[in-house]
Amino acid sequence: MKTTVIIPNYNGIQYLEDCLSSLKGEQAHIIVVDNGSTDGSFEMIGEKFPTVRTIRFSKNTGFCKAINAGVAVASTQYVVFLNNDTVVEAG
C-alpha cells in the first residue's frame, strides 16, 4: 500500500462509523487518532473495524497533535488527512 489515511476524532461517533465504512475496500492503511473521546467512538472502532489502527490520547490534545501522531507512525509514501464527518464515494 502506498497511502495512509489519518482521521482525527473527538466524540465523533455519530460520523465515524459512516466514514470508516466508506473506506472499506480502499487500498490504504487507516489510522484513527482519538483525542480522549467519551462517547464510545474509540470502542466502536475496535468492535466494528478491527483492522483500523488506533492511537488514543487521554484528553483532547487538538487537531495538530492528533495529525502529527498519525504521521509519526505512518510508513507509506503518501498520507491523506480526512475529517471524521467525511464519507468517501467511489471514483
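Refer to the preceding data block for the structure.
Residues numbered from 1 in each chain as written. Predicted model: local features only at pLDDT ≥ 70, side-chain atom pairs only at ≥ 80, totals over all residues. Heavy atoms only, no water.

This brings us to the overall build of the protein chain. Counting its regular elements, the protein chain contains three helices and four strands. Scanning the protein chain from its N terminus toward the C terminus, one meets helices and strands in the order β-α-β-α-β-α-β. Its C-alpha atoms give the protein chain a radius of gyration of 12 Å, near enough to 12 Å, the size a compact globule of 91 residues would have. Dimensions of the protein chain, computed from the C-alpha atoms along their principal axes, are close to 35 × 25 × 20 Å. Within the span of the protein chain, comprising 91 residues, buried residues form 38% of the whole. Nonlocal contacts in the protein chain, meaning residues at least 24 apart in sequence, comprise 69% of its contacts between residues at least 6 apart. Element-wise, carbon and sulfur atoms account for 49% of the exposed surface of the protein chain, whose accessible area totals about 5,400 Å². (Helix = DSSP H or I, 4+ residues; strand = E, 2+ residues; numbered from the N terminus. Rg over C-alpha atoms; globule rule 2.2 N^0.38 Å. Buried < 20%, exposed > 50% of the residue type's maximum accessible area, 1.4 Å probe, protein only. Contact = heavy atoms within 4.5 Å. Areas by Shrake-Rupley, 256 points an atom, 1.4 Å probe, with all protein chains shown as cover.)

Right, let's get into the environment of phenylalanine 81. Position of phenylalanine 81 relative to the elements: it lies in strand S4 (residues 78-81). Looking at phenylalanine 81, the relative accessible area reads 45%, which means it is partly exposed. In this structure the C-alpha to C-alpha distance between phenylalanine 81 and glycine 25, which are 56 residues apart in sequence, comes to 18 Å. Leaving out residues up to four positions away in the same chain, phenylalanine 81 has contacts with Ile6, Ile67 and Val71.

Relative to the helices and strands, valine 32 is located in strand S2 (residues 29-35). Through-space distance from the C-alpha of valine 32 to that of leucine 16 is 9.5 Å; in sequence the pair is 16 residues apart. Apart from the residues within four sequence positions on either side, valine 32 is in contact with Ile7, Asn9, Leu16, Leu20, Ile45, Val52, Arg53, Thr54 and Ile55.

This part takes up the pairing of strand S1 (residues 3-9). Most of S1 sits out of view: six of its seven residues are buried. Summarising the sheet, S1 and S4 pair through four bridges and their orientation is parallel. Note that in S4 the partner of threonine 4 across the bridge is valine 79. In terms of strand pairing, S1 meets S2 through six bridges, oriented parallel. (Pairing = 2+ DSSP bridges.)

A few words on helix H1 (residues 13-23). Every buried residue belonging to H1 is among Leu16, Cys19, Leu20, Ser22 and Leu23, and all of these are buried. Buried positions in H1, seen along its axis, are confined to an arc of 155 degrees and lie on one side of it. Phi for glycine 25, located one or two positions after H1, is positive at around 90 degrees. (Arc of directions from axis to C-beta.)

That is the geometry; function is a separate question.
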